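# Coordinates in review
Here is what each chain is made of, one letter per residue.
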Amino acid sequence: MGGRNSGIFDGDPPAWASNLGRILILLGVVVEVAAVVWAVATGRHRASRRSPLLTLSWSHRRRLERQVRRGTPESDEDRTLLVESARQAVGQRWLAVLITGLAVVSVGQVFVGFAPFHAVVGLVLVVIWVVLIVLVFRGARQGEAFLRANPDLGGR
């Protein structure tokens, strides 16, 4: 397989691992840059800047998110804020592409580093990125379900 392991923190990757790692890093960076360019071109990166949710406290936003996630709006809650919270959850799907690019870069760094330390850190990062992707898609699904289940809240 090649490569001289010179310690837990540094390794000498074989040519195939080094090349594969560089290709993956480059691919991940291309995916990230493409996601950012697409988000800027479509205006998605600015979509929430004028949101009324920005003026709310973290605890109030969390309460809104919880109601959207569970699909059970409280009767005393502002309907506009609930709809905005659900729409923001749906609109954040594009972040999954950006996070995928980060995951690919992390895997590429494992191959370039080719040491046990890099493998452990890379594995931890990939697990984090995968969990984040799952959470983004789950939140979007829950936001869509909330909007479908409560069409009377939409109004616009």
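You'll find the structure just up there.
Note that the structure is predicted; figures quoted are calculated from it, not measured. (Residues numbered from 1 in each chain as written. Predicted model: local features only at pLDDT ≥ 70, side-chain atom pairs only at ≥ 80, totals over all residues. Heavy atoms only, no water.)

## Details of the overall build of the protein
- For the protein, the helix and strand inventory stands at six helices and two strands.
- Reading the helices (α) and strands (β) of the protein from amino to carboxyl end gives β-β-α-α-α-α-α-α.
- Compactness check: the protein gives a C-alpha radius of gyration of 21 Å against a globular reference of 15 Å for 156 residues, more than 25% above the reference.
- Reported as C-alpha extents along the three principal axes, the dimensions of the protein are approximately 65 × 30 × 25 Å. (Helix = DSSP H or I, 4+ residues; strand = E, 2+ residues; numbered from the N terminus. Rg over C-alpha atoms; globule rule 2.2 N^0.38 Å.)

## Quick word on unusual backbone geometry
- The phi torsion at Phe 114 lies on the positive side, around 50 degrees, for a residue other than glycine.
- Given the relative accessible area of 29%, Phe 114 is considered partly exposed. (Buried < 20%, exposed > 50% of the residue type's maximum accessible area, 1.4 Å probe, protein only.)

## Remarks on the environment of Leu 27
- You can see Leu 27 is positioned in helix α1 (residues 15-42).
- The exposure class of Leu 27 is partly exposed, given its relative accessible area of 44%.
- Linking Leu 27 and Ile 99, residues 72 residues apart in sequence, is a C-alpha distance of 13 Å.

## Comments concerning the nonpolar core
- If you look at the biggest cluster of nonpolar residues, it comprises eight residues: Leu 53, Leu 56, Leu 64, Val 68, Leu 81, Leu 82, Ala 86 and Phe 146.
- Listed by contribution, the elements that provide at least two residues to this core are α2 (58-70) and α3 (79-91).
- For this core, the leading source of residues is α3, giving three residues.
- If near-sequence neighbours (up to four positions away) are discounted, Leu 64 is found in contact with Leu 53, Leu 56, Glu 77, Leu 81, Leu 82 and Ser 85. (Core = buried A, V, L, I, M, F, W, Y, C linked by side-chain atoms within 4.5 Å. Contact = heavy atoms within 4.5 Å.)

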